[in-house]
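For reference, the chains in residue letters:
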Amino acid sequence: MSKLYSYGKQTIEKDDIDAVTEVLKSDWLTQGPKIPEFEEKLSKKFNAKFVSAVANGTAGLHLIGMASGWNENDIIITSPITFLASANCILYSGATPDFVDINPVTYTLDLQKLEEKILIYKENKKAVKAVIAVDYAGLPCDWKKLRELADKYEFQLVNDNCHALGAEYENDPCYAVKFADVVNLSFHPVKHLTTGEGGAVLTNDEKVDEKIKILRTHGITKDSKYLEKNDGPWYYEMHQLGFNYRITDFQCALGLSQLKKLDKFIKSRKKIAKYYDKEFSNDHRFVIPKVDENLKHAYHLYPLQIKFDILKIIKKHFFQKMHENNIGLQVHYIPVHTQPYYKNNFGFKDGDFPIAEEFYKNEVSIPIYPLLENDDLEYIVSTIKQLAK
Ligand SMILES: Cc1ncc(COP(=O)(O)O)c(C=O)c1O
């Protein structure tokens, strides 16, 4: 078998290439019409009043913090089982990061522990400014409960939805914007649809969106309501320090073409997950991801837990052997609080979030992307079963 597999991979077809080529031949490579067109389509698809496409998902999170006014007096909570960017965006604003352990079944924030933590802060006369909940692997959190908590304790609710494009909560594919105050997406190639690098911020809050649109382009505004004077048609002003976090037109052309196929991509990810579920359930060596019946998983990842403590092979060797068989795996994630930077600067230590740490020991992200066919899946499953001894 000479094919190489990885945990995730983009699907680029002729229509995608044609869409990008058309823009490359046009007058606008960046700051042109494809950006608002892509934003408009995302806005319709996910029922968001406002959408800002940006350079990548990390930039989107940074801008969310800036537009929301996070600062060094704030405490912001996220999950330890997420990509670094979900927590790093807290640090960009100078705010204090904190974590809440995951639920052992859903792998998303444990909401009982979240409330307990908020109450401890309250007893100490401190308030939580925002919670960044992550729909890990593509499985929506309990968003009704999160909204309830956000209203009760008056914190901002951010959905880091980078894994869950195309997921559903109570049959609603637009749940992200419905429940959270602001939503972040990534279009990295391993995600459900790609623009190469890219991301978007979705919200119904006009003020947040307006700030994001200014901050993504250096903090520049030409809007007469903000200008202190106006020297002429070239004139602009900067009132706040922003960044160049713009996405290009040819990336948005790719995004537009990919967005048309999102439902098809999700369907095929679901089919692969169903096959893995069947193959790995009822085998005491494995734990498959569980999905509550009111949720639709978008399967950005297929996080398989392998009980290495009952096997002879250790995780490191399992990875090496899989690699020798041309199957590249990944682990999502090394718990963020155990990173040296977080330990050294914020005092987190091993053992702080035991469920996340236990999950890390067992979790292996196995290949899931639309290009995988039945014989690929058979090969992947049989290799895993053979090596997990
Ligand atoms: C949960 C989560 N948040 C944020 C990001 C950052 O997105 P990007 O890679 O587009 O900067 C990622 C990327 O993998 C992610 O998985």
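Quick caveat, the model's predicted, so the values are computed rather than measured.

Student: Describe the overall build of the protein, listing the residues and the values that go with them.
Tutor: Along the protein, the regular secondary structure elements total 14 helices and 14 strands. Here the C-alpha atoms of the protein give a radius of gyration of 22 Å, agreeing with the 21 Å that 2.2 N^0.38 yields for 389 residues. Principal axes of the C-alpha set define a box for the protein whose edges measure 75 × 60 × 40 Å. The burial tally for the protein puts 56% of its 389 residues in the buried class. Of the accessible surface of the protein, which amounts to about 18,300 Å², a share of 52% is contributed by carbon and sulfur atoms. Charged side chains in the protein number 51 positive and 54 negative. The centres of these two groups are separated by 3 Å.

Student: Any chance you could break down the sheet that holds strand β5 (residues 156-160) for me, citing the residues and the numbers?
Tutor: Judged by pairing direction, the sheet is mixed, and its 7 strands sit side by side in the order β1-β8-β7-β5-β4-β2-β3 without closing on themselves. Here the strands that pair on one side only, and so sit at the sheet edges, are β1 (50-54) and β3 (96-99). Geometrically, the sheet is characterised by an average inter-axis angle of 20° between neighbouring strands, direction not taken into account. Two strands pair when backbone bridges link them, and strand β7 (residues 182-186) and strand β8 (residues 199-203) are joined in this way by 5 bridges, in the antiparallel orientation. The residue of β8 that forms the bridge with Val182 is Thr203. Here helix α6 (residues 143-153) sits on the sheet and contacts β4 (128-134) and β5; the angle it forms with β5, its principal contact strand, is near 150°.

Student: Give a detailed account of the side chain of Thr203, specifying residues and quantitative values.
Tutor: Checked against the element boundaries, Thr203 lands in strand β8. Overall, the relative accessible area of 1% leaves Thr203 in the buried class. Separated by 2.9 Å, the side chain of Thr203 and the backbone nitrogen of Asp205 make a polar contact. Excluding anything up to four places from it in sequence, Thr203 contacts Ala48, Lys49, Phe50, Val177, Asp181, Val182, Val208 and Asp209.

Student: So, helix α2 (residues 34-45): which residues are in play, and what are the values?
Tutor: In a regular helix each residue adds 1.5 Å, so 12 residues correspond to 16 Å; α2 covers 16 Å between its end C-alpha atoms and thus fits that length. Packing partners of the buried residues in α2 comprise β1, β8, α8 (206-215) and α9 (249-259). The positive-phi residue at the C-terminal boundary of α2 is Asn47, with phi of around 50°.

Student: Outline the sheet that holds strand β14 (residues 363-366), supporting the account with residue identities and numerical values.
Tutor: The strand order β11-β13-β14 describes an open sheet built from 3 strands, whose pairing is antiparallel. Every other strand in the sheet has two partners, leaving β11 (286-287) and β14 as the edge strands with one partner each. The pairing of β11 with strand β13 (residues 302-306) spans 2 bridges and is antiparallel. Paired with Phe286 across the bridge in β13 is Ile306.

Student: Give a detailed account of the packing of aromatic side chains, specifying residues and quantitative values.
Tutor: Enumeration over the complete set of coordinates arrives at 22 aromatic pairs. Between the aromatic rings of Tyr136 and Tyr333, the centroid separation amounts to 6.3 Å while the plane-to-plane angle is 70°, which identifies the pairing as edge-to-face. One end of the pair, Tyr136, is in the loop between β4 and α6; the other, Tyr333, is in the loop between α11 (315-324) and α12 (340-346), with 197 residues separating them in the sequence. Note on accessibility: Tyr136 and Tyr333 belong to one class, buried. Aromatic pair Tyr342 and Phe346: ring centres 5.9 Å apart, planes at 35°, arrangement tilted. Note that Tyr342 and Phe346 are positioned in helix α12 at a spacing of 4 residues, about one turn of the helix. Under the relative-accessibility criterion, Tyr342 is labelled buried at 1%. Connected via pairs of aromatic rings, a cluster forms that spans Phe99, Tyr341, Tyr342, Phe346, Phe348 and Phe353.

Student: Please set out the pairing of strand β2 (residues 75-78) residue by residue, giving values where relevant.
Tutor: In summary, the side chains of a regular strand alternate between the two faces of the sheet. What you see with β2 is no split at all: Ile75 and Ile77 on one side and Ile76 and Thr78 on the other are buried throughout. The pairing of β2 with β3 spans 4 bridges and is classified as parallel. Its bridge partner lying in β3, Ile76 is registered against Pro97. The β-α-β motif built from β2, the intervening helix α4 (residues 84-92) and the parallel element β3 has right-handed crossover chirality. Both β2 and β4 contribute to a ladder of 4 bridges, which runs parallel. Opposite Ile76, over in β4, you have Ala130 as the bridge partner.

Student: Talk me through the site of the ligand; I want residue IDs and the actual numbers.
Tutor: What surrounds the ligand is a group of 16 residues, the closest being Gly57, Thr58, Asp160, Ser186 and Lys191. A distance of 2.7 Å separates an oxygen atom of the ligand from a polar side-chain atom of Lys191. If the ligand stood free it would expose 380 Å²; the protein chains cover 91% of that surface. Looking at the shell around the ligand, the elements with two or more residues in it are α3 (57-67) and α4.

What counts and how
Residues numbered from 1 in each chain as written. Predicted model: local features only at pLDDT ≥ 70, side-chain atom pairs only at ≥ 80, totals over all residues. Heavy atoms only, no water. Helix = DSSP H or I, 4+ residues; strand = E, 2+ residues; numbered from the N terminus. Rg over C-alpha atoms; globule rule 2.2 N^0.38 Å. Buried < 20%, exposed > 50% of the residue type's maximum accessible area, 1.4 Å probe, protein only. Areas by Shrake-Rupley, 256 points an atom, 1.4 Å probe, with all protein chains shown as cover. Lys, Arg positive; Asp, Glu negative; His and termini not counted. Charge placed at Lys NZ, Arg CZ, Asp CG, Glu CD. Pairing = 2+ DSSP bridges. Axes fitted to C-alpha atoms, helices over the stretch in contact; angles between N-to-C directions. Contact = heavy atoms within 4.5 Å. Polar contact = N/O pair within 3.5 Å; in protein donor to acceptor, adjacent residues only side chain to side chain. Expected span 1.5 Å × (residues − 1). Phe/Tyr/Trp six-rings, centres within 6.5 Å; stacked < 30°, edge-to-face > 60°. Right-handed = clockwise from strand over helix to strand, strands pointing away. Near = heavy atom within 4 Å.

Note that every value here comes from positions in space, so none of it alone points to a role or purpose.
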